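A closer look at the structure
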Amino acid sequence: MTVKELRAVLDLATKSLAAVTTELRVEMKDVPKSADLLIIQNLCMTKDGVNSDEAALEAAIDKTLTLKRELLSEVTAPRVLPVDSLWDPAGPEEYEAKLKEVEEKEGENADANSLRQIVLAGLKGIATYAWEAYQIGYEDEGIDPFLQRVLQRTLKFTLSVGLLFNLSMEVGGFGYRSMGLLDNARIERYGSPKLTNIELGARTKPGILVAGGDIRALECLLEQTKGTGVEVYTHDELMSAHCYPNLSGLDHFAGNYGGSAATQQADYTAFNGPIVVTGGVIEAPEAAYADRIYTTGVSGFPGVPHLDTDNDCVTDFSAVIEQAKTLSAPSSLRMGEVVTGFGHDQLYSMGEMLQGAIEDESIAKIITVIGADGKEEARSYVSDVVAALPKNALVMTAGPVKYRFNDQYLGTLRGMPRTMDIGAVSDTYSFCMTALKLQADLGKYDINGVPITYLVSLGDEKAMTALLTLIYIGAKNLVVFPGYPDYMTDSIIGVFEKNFGLRLTTTAAEDVEAFFAKKPVNSEGPIDPNMLIIDIIEKYPEAAQVLMNCGMSCVTCGAALYESLSEACMVHGLDPEDVKQVLDHELGLVED
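To start, this report covers the structure provided alongside it. (Residues numbered from 1 in each chain as written. Predicted model: local features only at pLDDT ≥ 70, side-chain atom pairs only at ≥ 80, totals over all residues. Heavy atoms only, no water.)

**Concerning the overall build of the protein**
Formally: Numbering goes from the N terminus for both helices and strands, where a helix is a DSSP run of H or I of at least four residues and a strand is a run of E of at least two. Every radius of gyration here is taken over C-alpha atoms, with the globule rule written as 2.2 Å times N^0.38, N being the number of residues. Partly exposed describes any residue whose relative accessible area lies between the buried limit of under 20% and the exposed limit of over 50%, with all areas from a 1.4 Å probe on protein chains only and scaled to the type maximum.
Tallying secondary structure elements over the protein gives 22 helices and 16 strands in all. A compact globule built from 592 residues would reach a C-alpha radius of gyration of about 25 Å, and the protein, at 25 Å, matches this within 12%. With respect to the principal axes defined by its C-alpha atoms, the protein has extents near 80 × 65 × 40 Å. Counting over 592 residues, the protein shows a buried share of 59%.

This is how it looks when you write it as structure tokens:
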């Protein structure tokens, strides 16, 4: 079987185990922690590009099916389980037929399957953050039951598009929750992020490059390399580790090397020393570094040595360190420094400056760039956008997509750097907290009252989780690049575009112009709160959706015939002036 097929079998086995554990919880029976951890680990392993080791995937399938059989014997009412969760293959020779059967079921409703894939991608992002937090010693007891309940529902192929859409919205909420868990775990163990200048060049001593996202593995390596003469560099999302005080003060923590996972082959070749890929994407190693690359955690590749982690989440890097001593120092790829560490605590401390600059229009727009990087040339769109921004714009970044432009110096605005690196994709949480605080400080009804434009670079599961999380906090008018995933049908794309204002990019120049363009003001003037709901909707049909988004379901009932906007707001416990403000802005009746 191909690696893709083995990942699909592991996903199916994981869903079936989740169906059993969910039923055990319904029956008020204990679910072993080993099952929770195995489900999270499996979801991380089957992310695109993370683990291509057929033997590791086959072992995970066997382990999952074995545990499912054991737990299934404890279920009192197995008849209530989805039929596909009862699949019990005698061996790998039965895998292919089952995949074909499932594929036929999924093909019966393309739109439902599209949402099922969106949900699964979002769950894998959540699992990634929960797994990384667990390595540090933190967990959220609500995440495992949620993951397992939703996985169980993805095995019910008769679920409607509406129910699956609602599940995708739940995933956004737990995306926020899992990011918050990881944020708290890292702060508790490593300290609150501080503004940090990170070296981009190479030093003269031998080094080890740590790629991926597992900060616990990085911590272990930093501890084990003390006094050895070997220095440690980060790659890809681990760049954000440099801003944590308990790590950044180590003399042998050298800096960030290269770019994102998309450039790993060129970066690893130039590094000269050993590379450890931990929890991240690994491509087929080039001959130049095939004998000095290792994996740990959920990452894996055929023929690449895998370093095991013990029950205390400690990995033994002694073999890697000894090899590093025999190799030369890295060759420089980039020079200079970049600044990171704009976490929520730092941004909160700048709150008055940000608020004041927005209120006096020194800041016309905050451009937020979140998500994955990739090899596609179309991703250079974002570097063109940043280069074309006017001087009254700030840029906030979270995720590897920042490597497309983080070497561009944009200067300062009212004493603040115009580019603020928040960190990894998981640090979308810090951005969400900052945006929500700005909403409160500026007295806006919802987050869209803050002048923020969202650029989301899709391309992996964590980016999908980030997109759903932004939707969860109420963000609209999100610009997606370089395109939607192949599994999103035109109908489902239309639902997201209509309800949340998603759209694809045009050109950098056209989009920058659109970001800063003010809506023309309708000559009719602002809404009168004494107008009847029915009159508002007849005059402005799009007002119905705006009012429903505000929580006013009365637009669909008879009360709309005789209640004014003010009266309807009172019934729903809303401030009429807040709702009027939203209507005026959404309908283009006042200036932005």
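**Some details on the packing of helix H7 (residues 161-190) against helix H17 (residues 490-500)**
Here is the rule: Inter-axis angles, ranging from 0 to 180 degrees, are taken between N-to-C directions of lines fitted to C-alpha atoms, where helices are fitted over the stretch in contact. Note on angle classes: values under 35 degrees are labelled roughly parallel, values over 145 roughly antiparallel, values of 65 to 115 roughly perpendicular, and the remainder oblique. Crossing handedness is defined as follows: a turn of the near helix away from the far one that is anticlockwise and smaller than a right angle gives a left-handed crossing, while the clockwise case is right-handed. Between two residues, a contact is recorded if the distance between any of their heavy atoms is within 4.5 Å. By the convention adopted, Pro, Cys, Tyr, Trp, Phe, Met, Ile, Leu, Val and Ala count as nonpolar, Lys, Arg, Asp and Glu as charged, and the other residues, Gly among them, as polar.
Contact geometry of H7 with H17 gives a least axis separation of 13 Å together with a crossing angle of 55°. Taken together, H7 and H17 sit at an angle that is classed as oblique. Read as a crossing pair, H7 and H17 show a hand that is right-handed. On H17, the residues that touch Val161, Phe165, Ser168 and Met169 of H7 are Ile492, Val495, Phe496 and Phe500. Of the residues assigned to the contact of H7 with H17, the class counts are 7 nonpolar, 1 polar and no charged.

**Structural notes on the side chain of Ser430**
Selection criterion: Between N or O atoms, a polar contact is any pair within 3.5 Å; within protein, one atom must be a potential hydrogen donor and the other a potential acceptor, and residues adjacent in sequence are included only when both atoms are from side chains.
Looking at the secondary structure, you find Ser430 in helix H15 (residues 428-442). A polar contact is formed between the side chain of Ser430 and the backbone nitrogen of His344, at a distance of 3.2 Å. Filtering out sequence-adjacent residues up to four positions away, Ser430 remains in contact with Asp183, Gly343, His344 and Ile422.

**Thoughts on helix H11 (residues 318-325)**
Here is the rule we go by: Read the arc as the range of directions from the helix axis to the C-beta atoms.
Of all the residues in H11, the buried ones are Val320, Ile321, Gln323 and Ala324. Seen end-on, H11 carries its buried residues on one side only, within an arc spanning 165°. In this fold, the buried residues of H11 make contact with strand E2 (207-212), helix H8 (215-224), strand E5 (275-278), strand E6 (293-296) and strand E7 (306-307).

**Regarding the packing of aromatic side chains**
Note the following rule: Two rings from Phe, Tyr or Trp (for Trp, the six-membered ring) form a pair when their centres are within 6.5 Å of each other. A pair whose planes differ by under 30 degrees is stacked, one over 60 is edge-to-face, and the rest are tilted. Ring-over charges, as used throughout, are those where CZ of Arg or NZ of Lys falls within 6 Å of the ring centre and within 35 degrees of the ring normal.
For the coordinates displayed, the defined rule picks out 15 aromatic pairs. Just above the ring of Tyr348 sits the side chain of Lys437; from NZ or CZ to the centre is 5.6 Å.

**Re unusual backbone geometry**
The phi angle of most residues is negative, glycine excepted, and most peptide bonds adopt the trans form. Here the bond from Phe481 into Pro482 is cis, since omega is -5°, no more than 30 degrees from zero. Relative to the helices and strands, Pro482 is located in the loop between strand E15 (478-481) and H17. Positive phi outside glycine occurs at Met28, with the angle close to 60°. Checked against the element boundaries, Met28 lands in the loop between helix H1 (3-26) and helix H2 (33-45). Backbone geometry at Asp236 places phi at a positive 60°, although glycine is not the residue there. Topologically, Asp236 is positioned in the loop between strand E3 (231-234) and helix H9 (245-248). A relative accessible area of 11% means that Asp236 is categorised as buried.

**Re the sheet that holds E7**
Filter applied, for reference: Here, strands pair whenever DSSP counts at least two bridges between them.
The strand order E4-E3-E2-E5-E6-E7 describes an open sheet built from 6 strands, whose pairing is parallel. Strands at the two margins of the open sheet, each flanked by one partner only, are strand E4 (253-256) and E7. On top of the sheet, H8 reaches E2, E3, E4, E5 and E6; it is set at about 160° to E3, its chief contact. Strand contacts of H11: E2, E5, E6 and E7, with the helix running at about 135° to E2, the strand carrying the most contacts.

**Details of the pattern of salt bridges**
Stated precisely, the cut-off is as follows: Salt bridges are counted wherever a side-chain nitrogen of Lys or Arg sits within 4 Å of a carboxyl oxygen of Asp or Glu.
The final tally for this structure, using the stated rule, is 29 salt bridges. Its salt-bridge partner being Lys29, residue Glu27 comes within 3.2 Å of it at the nearest N-O pair. The salt bridge partner of Glu231 is Arg203, with a shortest N-O separation of 2.9 Å. Within this pair, whereas Glu231 is found in strand E3, its partner Arg203 is found in the loop between strand E1 (196-199) and E2, the two being separated by 28 residues in sequence.

**Structural notes on H2**
In plain terms, the rule: Expected span of a helix: the number of residues minus one, times 1.5 Å.
Taking 1.5 Å of rise per residue, the 13 residues of H2 would be expected to cover 18 Å, and the 18 Å separating its terminal C-alpha atoms lies within 8% of that figure. Extensive coverage of H2 is indicated by the burial of 10 of its 13 residues. When we look at burial in H2, the residues that qualify are Ala35, Asp36, Leu37, Leu38, Ile39, Ile40, Asn42, Leu43, Cys44 and Met45.

**With respect to the environment of Ser491**
Along the chain, the position of Ser491 falls in helix H17. Separated by 49 residues in sequence, Ser491 and Leu442 place their C-alpha atoms 36 Å apart.

**What about the sheet that holds strand E16 (residues 503-504)?**
The sheet built from 6 strands is open, its strands ordered E13-E10-E9-E14-E15-E16 with parallel pairing. Whereas interior strands pair on both sides, the edge strands pair on one side only; in this sheet they are strand E13 (419-423) and E16. Taken together, the 6 bridges between strand E9 (residues 365-371) and strand E14 (residues 452-457) define a ladder with parallel strand orientation. Residue Val369 lies in a different strand from E14, and its bridge partner there is Leu455. Sheet strands touched by H15: E9, strand E10 (393-398), E13 and E14. Its angle to E9, the strand with the most contacts, is close to 155°. Together, E9, E10, E14, E15 and E16 form the strand contacts of helix H18 (residues 508-516), whose direction differs from that of E9 by roughly 130°.

**What to know about the packing of helix H6 (residues 143-153) against H7**
Close contact between H6 and H7 brings their axes to 11 Å; oriented N to C, the two are set at 155°. Classified by the angle their axes make, H6 and H7 are roughly antiparallel. As for how H6 packs across H7, the hand of that crossing is left-handed. Facing H6, whose interface residues are Ile143, Phe146, Arg149, Val150 and Arg153, H7 presents Leu163, Leu167, Glu170, Val171, Phe174, Ser178 and Leu181. In the contact of H6 with H7, the residues fall into 8 nonpolar, 1 polar and 3 charged.

**Looking at the environment of Ile493**
When you line up the elements, Ile493 lands in helix H17. Relative accessible area serves as the criterion here: at 12%, Ile493 is assigned to the buried category. Considering only alpha carbons, one finds Ile493 and Pro330, 163 residues apart in sequence, at a separation of 45 Å. Excluding residues within four positions of it along the chain, Ile493 makes contact with Tyr484 and Met488.

**Focus: the pairing of E9**
In plain terms, the rule: Handedness of a crossover: with both strands directed away from the viewer, a clockwise path from the first strand across the helix to the second marks it as right-handed.
When you tally the buried positions in E9, you get 7 out of 7 residues, the bulk of the element. Strand direction decides the pairing type here: E9 and E10, joined by 6 bridges, are parallel. Paired with Lys365 across the two strands is Ala393, which belongs to E10. Handedness of the crossover is the feature at issue here: the chain leaves E9, passes through helix H14 (residues 381-388), returns alongside E10, and the resulting connection is right-handed.

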